[in-house]
Amino acid sequence: LNQEQHFHWSHLHHRSSSTPHQATATMGAVESKGQEAKYRHSVPTKGLKEPASIPVVAKPPKPQPPKVKTYPGIEHGWFTQTQSTGQRMSLALEKSVDKQAILCHSKSDVNNDVLVFQSAQYGKVLTVDKTIQLTEKDERVSSEMMVHITMYSHKRPRNVLVLGGGDGTIVREVCRHNHVDKITMVEADPTLIEVSKKHLSDMVPSKVWQDSRLQIVEQDGEEFLAKLAETKSNQYDVIFINMNLELAMPTTPEPEEEESTSNAQLCKYVHDALKANGVVCAKTGSFWIQEAAIKASITAFSALFDAVEFATIKAPSCQTGETGMVLAQKGPSARSCQTPLRWPTSAVLKDLQWYNTDLHRNAFCLPAAWAQRVQEAQGRAVDASAEEGDRCFAPSCVIL
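Residues numbered from 1 in each chain as written. Predicted model: local features only at pLDDT ≥ 70, side-chain atom pairs only at ≥ 80, totals over all residues. Heavy atoms only, no water.

Student: A description of the overall build of the protein should follow, citing residues and the corresponding values.
Tutor: A count of helical and extended segments in the protein gives 12 helices and 14 strands. When each of the 400 residues of the protein is scored for burial, the buried share is 44%. Within the structure as shown, the protein displays about 23,300 Å² of accessible surface, and the carbon and sulfur contribution to it stands at 53%. (Helix = DSSP H or I, 4+ residues; strand = E, 2+ residues; numbered from the N terminus. Buried < 20%, exposed > 50% of the residue type's maximum accessible area, 1.4 Å probe, protein only. Areas by Shrake-Rupley, 256 points an atom, 1.4 Å probe, with all protein chains shown as cover.)

Below you can see the structure in the form of structure tokens.
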């Protein structure tokens, strides 16, 4: 072959040997496009529905824990009472399997919540509006001291008035005095009485409620006193104030003029309801945290009564471990309640758990600072010039 023919042959051979796959691929692509176009024209598209979507199954809601019933003042197995700013007191509930901790929870028109529960250390506990009213372990301390100090400071009480005290503990102690002819209990909340009858019968037995001398009046204590004042009848030998009357528990630490006027009016109601030589006992709070309220009560009583004193009661479930009471006597022969006029009989003494004549006297022994503030509230100047031994720390006490 000449040079020109050799070049032509080599060129053709190079093209044919270097593009066999390209040619095949090109032919395949053309053929594929043709088939796609053919398929597109041969398959009808009108009237076709979209394929149904797969339904989404909703996940079941997570199981919610059962709702736990709540009770006033109780959280995490503890009852907590706020006694004052910066101070609380808590009691643990009974955790025994064979005992029900919550014994009763009732609501009434007068009190928001009445609760009875079984505590771990104090037995049954009665609370009203998240405030401890009594515990099975130490209720005899308060009730016996309050009642018997007052009753044995009177020569022979016949007619007794109890304002409040729907739990029945005050009435129970008054019933121990056989010479009493009539006991009138004024309680605004009948629910409290029913709860006591059903759940506190081991503390206040049914015979107390069935005592023929007992008359229960379902009325507000202040309204009862105001209505009694209209009759102008001084018929009671002893009056117990076991409720939050304004004269016993002012609503503000420093009573305003309007409240002081109300205190004076209530004290006048009580004074007018008492016979000559009658005694009134008003439960107050603790001198540690309620000094202003206690002094206001003493001042209000001192304006009308002939002898006014303050005594303390030591009980662990009370505020700061103690509570107090104001005792006031009416009449020219009024005397200090520190020395009892009578003593409990052996039969009565056998049934008592706390009161005795020594504790009676000691209840009036106050710390020096408290005794001075009580005298100031009474309107009596403290005689700082008196020599030691000429006077006693007890109010209205004279050393001969």
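Text resumes after the structure shown.
Student: Talk me through helix α12 (residues 368-378); I want residue IDs and the actual numbers.
Tutor: All buried positions along α12 are accounted for by Trp370, Ala371, Val374, Gln375, Ala377 and Gln378. Projected onto a plane normal to the axis of α12, the buried residues spread over an arc of 160° and lie on a single side. Taken from the residues just after α12, Gly379 is the one with a positive phi, measuring 85°. (Arc of directions from axis to C-beta.)

Student: Report on the environment of Asp181, specifying residues and quantitative values.
Tutor: The residue Asp181 is located in the loop between α4 (169-174) and β9 (182-186) in this model. When the C-alpha atoms of Asp181 and Pro157 are compared, they prove to be 8.5 Å apart, with 24 residues separating the residues in sequence. Filtering out sequence-adjacent residues up to four positions away, Asp181 remains in contact with Arg158 and Arg213. (Contact = heavy atoms within 4.5 Å.)

Student: So, the packing of aromatic side chains: which residues are in play, and what are the values?
Tutor: Note on aromatic pairs: each is described by the distance of the centres and the angle between the planes. Under the criterion given, the structure shown has six aromatic pairs. Pairing Trp288 with Trp370 gives two aromatic rings, centres 5.2 Å apart and planes at 75°, and the pair type is edge-to-face. Residue Trp288 is found in the loop between β12 (274-283) and α9 (291-302), and its partner Trp370 is found in helix α12; the two are separated by 82 residues along the sequence. Of note, Lys137 hangs over the ring of Tyr122, and the distance from its end group to the ring centre comes to 5.5 Å. (Phe/Tyr/Trp six-rings, centres within 6.5 Å; stacked < 30°, edge-to-face > 60°. Lys NZ or Arg CZ within 6 Å of the ring centre and 35° of its normal.)

Student: Describe the sheet that holds strand β5 (residues 114-118), with residues and values.
Tutor: Here four strands make up an open sheet; going across it, the order is β4-β5-β6-β7 and the pairing antiparallel. For this open sheet the edge positions go to β4 (102-106) and β7 (131-135), each flanked by a neighbour on one side alone. Between one strand axis and the next, the sheet turns through 20° on average, direction left out of account. Contacts from helix α5 (residues 190-199) reach β4, β5 and β6 (124-128), with the element oriented near 165° to β4. (Pairing = 2+ DSSP bridges. Axes fitted to C-alpha atoms, helices over the stretch in contact; angles between N-to-C directions.)

Student: Got a sec to walk through the sheet that holds strand β8 (residues 159-164)? Specific residues and values, please.
Tutor: Strand order in the open sheet formed by seven strands is β10-β9-β8-β11-β12-β14-β13, with mixed pairing between adjacent strands. The open sheet has two edge strands, β10 (214-217) and β13 (307-314), and neither has a second partner. In this sheet, neighbouring strand axes are inclined to one another by 15° on average, regardless of whether the strands run parallel or antiparallel. As judged from the eight bridges shared by β13 and strand β14 (residues 322-329), these two strands associate in the antiparallel manner. In the sheet register, Val308 faces β14, and the bridge partner there is Ala328.

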